[in-house]
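Listed here are the chains, written in short residue letters.
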Amino acid sequence: MRLRGSHSFSDFLVFVLKEIKLLSNLWLMSRRFSIEVAKDYFNFASAHFLIFANGRREPLHGHNYQVSVAMEGELDRAGVVLDFITFKPLVKQICDALDHRTLIQTSSSAIQVRQNAREVEIVYKKQKLLLPRGDVILLPIANTSTELLAEYIARQIKRKVQRSVPAKIRYMEVAVEEARGQRGIFRDDF
Ligand SMILES: [Zn+2]
């Protein structure tokens, strides 16, 4: 490159500095950090039944569900996306609230759910299921698939994190495993 006079040289310097800034920005943007937590105690043993797209209902049965969570975001001054010590109990609380209960999908059009202080009555076609109120968790979801359970858990986590953790999270992923090697996943911007 031929440089003619100081004016051209200063232009050249400005050009080089701009390029360096652009490259460093690209480098910063390409650095992405996340945490993943999949503790053994992120579990709940619960009963449920799925209702398939053809309207057929599964018999009531149970799973030992296992939850894992990934959160992506900016590092804080300590180089941390989200402090594990703060984050793990939040996920555990959500799992514990579902543990040893029957999970019922209240947004399903295939069942009617009625409740009073003592009991929950679930009506599916000509079948009735009557359960003590305390044994049931009513979930505002269309089905108790692992995918929709993962979405429900993700929304609970989001609410708790936004309320109590000063972290800059961009993206989250929650997986719910109902049997070994068999899981539903929900991913969303935070
Ligand atoms: Zn099942």
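This one's a predicted model, so the numbers in the text were calculated from it and none came from an experiment.

Conventions and cut-offs
- Residues numbered from 1 in each chain as written.
- Predicted model: local features only at pLDDT ≥ 70, side-chain atom pairs only at ≥ 80, totals over all residues.
- Helix = DSSP H or I, 4+ residues; strand = E, 2+ residues; numbered from the N terminus.
- Rg over C-alpha atoms; globule rule 2.2 N^0.38 Å.
- Buried ≥ 20, exposed ≤ 12 C-beta atoms within 10 Å, placed from the backbone.
- Contact = placed C-beta atoms within 7 Å.
- Core = buried A, V, L, I, M, F, W, Y, C linked by C-beta atoms within 7 Å.
- Domains from an automatic or database assignment.
- Pairing = 2+ DSSP bridges.
- Axes fitted to C-alpha atoms, helices over the stretch in contact; angles between N-to-C directions.
- Expected span 1.5 Å × (residues − 1).
- Arc of directions from axis to C-beta.

## A short note on the overall build of the chain
- Check the secondary structure of the chain and you find three helices and 10 strands.
- Reading the helices (α) and strands (β) of the chain from amino to carboxyl end gives α-β-β-β-α-β-β-β-β-β-α-β-β.
- Its C-alpha atoms give the chain a radius of gyration of 25 Å, more than 25% over the compact-globule value 16 Å for 190 residues.
- Counting only C-alpha atoms and orienting by the principal axes, one finds that the chain spans roughly 90 × 40 × 30 Å.
- Taken across its 190 residues, the chain has 21% of its residues classed as buried.
- For the chain, the proportion of contacts with a sequence separation of at least 24, taken over those separated by at least 6, is 63%.

## A closer look at the nonpolar core
- Grouped together as the largest cluster of nonpolar side chains are 30 residues, with contacts concentrated most on Val67, Val91, Ile153, Ile157, Val174 and Val176.
- When contributions to this core are tallied by element, the ones reaching two or more residues are β3 (61–73), α2 (84–98), β4 (102–105), β6 (119–124), α3 (146–164) and β9 (169–179).
- In terms of residues, this core owes the most to one element, α3, which gives seven residues.
- Setting aside anything within four residues of it in sequence, one finds valine 176 in contact with Tyr65, Val67, Thr146, Leu149, Ala150, Ile153, Arg183 and Gly184.

## Some details on the domain arrangement of the chain
- Domain assignment breaks the chain into domain 1 (1–31) and domain 2 (32–189).
- Computed over C-alpha atoms only, the centres of domain 1 and domain 2 are separated by 51 Å.

## A few points about the sheet that holds strand β5 (residues 111–115)
- Pairing is antiparallel across the open sheet formed by three strands, whose spatial order is β5-β6-β7. A single partner strand is all that each edge strand has here, and the edge strands are β5 and β7 (127–132). Adjacent strand axes in the sheet meet at a mean angle of 15° when their direction is disregarded.

## Some points on the pairing of strand β2 (residues 43–48)
- Residues Phe44, Ser46 and His48 line the buried face of β2, whereas the alternating positions Asn43, Ala45 and Ala47 sit on a face that is not buried.
- In this structure, β2 lies alongside β3, joined through six bridges in antiparallel fashion. Paired with alanine 47 across the two strands is glycine 62, which belongs to β3.

## Let's talk about α2
- Here α2 is 15 residues long and its end C-alpha atoms lie 22 Å apart, about the 21 Å a rise of 1.5 Å per residue gives.
- Looking at α2, one finds that the buried residues are Phe87, Val91, Ile94, Cys95 and Leu98. Down the axis of α2, the buried side of the element spans an arc of 100°, and every buried residue falls inside it. Counted as exposed and oriented over 90 degrees from the buried face of α2: Ile85, Pro89, Gln93 and Ala97.
- The elements touched by buried residues of α2 are β1 (33–37), β2, β3, β4, β8 (136–139) and α3.

## Examining unusual backbone geometry
- Positive phi, normally seen in glycine, also occurs at histidine 100, with a value near 60°.
- With respect to the element layout, histidine 100 can be found in the loop between α2 and β4.
- Residue classification places histidine 100 among the exposed positions, given that 12 C-beta atoms sit within 10 Å.
- Backbone geometry at lysine 125 places phi at a positive 50°, although glycine is not the residue there.
- Considering the arrangement of structural elements, one finds lysine 125 in the loop between β6 and β7.
- Take lysine 125: there are 9 C-beta atoms within 10 Å of it, and that puts it in the exposed class.

## Considerations on the pairing of β9
- Of the strand pairs in this sheet, β3 and β9 are connected by eight bridges, and their pairing is antiparallel. Its bridge partner being in β9, glutamine 66 is matched across the sheet by glutamate 177.
- Bridge count between β9 and strand β10 (residues 182–189): eight bridges; the pairing is antiparallel. Opposite tyrosine 171, over in β10, you have aspartate 189 as the bridge partner.
- If you look at the hairpin formed by β9 and β10, you'll find two residues sitting between the two strands, and glycine 181 has a positive phi there, around 75°.

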